[in-house]
Amino acid sequence: MRLHAAVGLALVALLALPAEAAKTHKNFVLYNETGGTIEAFYFSPSDWDDWGENQLADGPLYDGEWIWNRHNHRERYYDLRVEFDNGYAFEIEGIDLTEVLRVYLKCNQRECWAEYAYE
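Below you will find a few notes about this structure.

The rules behind these values
Residues numbered from 1 in each chain as written. Predicted model: local features only at pLDDT ≥ 70, side-chain atom pairs only at ≥ 80, totals over all residues. Heavy atoms only, no water. Disulfide = S-S within 2.5 Å. Buried < 20%, exposed > 50% of the residue type's maximum accessible area, 1.4 Å probe, protein only. Helix = DSSP H or I, 4+ residues; strand = E, 2+ residues; numbered from the N terminus. Contact = heavy atoms within 4.5 Å.

**Describing the state of the cysteines**
Covalent bonding between the sulfur atoms of two cysteines defines a disulfide. Counted under the stated rule, the structure contains one disulfide. One disulfide in the model links Cys107 with Cys112; its S-S distance is 1.9 Å. On the sign convention where negative is left-handed, the bridge of Cys107 and Cys112, at about 100° about the S-S bond, is right-handed. Residue Cys112 is classed as buried on the basis of its relative accessible area of 15%.

Spelled out as structure tokens, the structure:
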């Protein structure tokens, strides 16, 4: 009987969590739609001072390719840094990884940017 009561209390506690606290999605797919080759890709929580390891340790991400990113940090907002084979680099700040499922990197002749998918 104690086990059933404990399980019941645990379920009630989970249901009582605020919606914001229940958001834990932190995995996303990064798509290279830049027309270039990405040599290095970093992401870390926005409040960190360190980028961490290059997520492309197995080799570059060519135009049209994608990489699935999984991590276990508890933070909500993340920054990304992308470095291309021609030496150009850009950063994106404050991506809400509890909401974003896919990040599409795009470039034209003058700039690069990211577009997001939430479903």
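**Concerning the environment of Glu91**
Mapped onto the secondary structure, Glu91 falls in strand E5 (residues 89-96). Remark: the alpha-carbon pair of Glu91 and Cys112, spanning 21 residues in sequence, is separated by 9.2 Å. With residues up to four places along the chain from it excluded, the contact list for Glu91 reads Trp51, Leu80 and Arg81.

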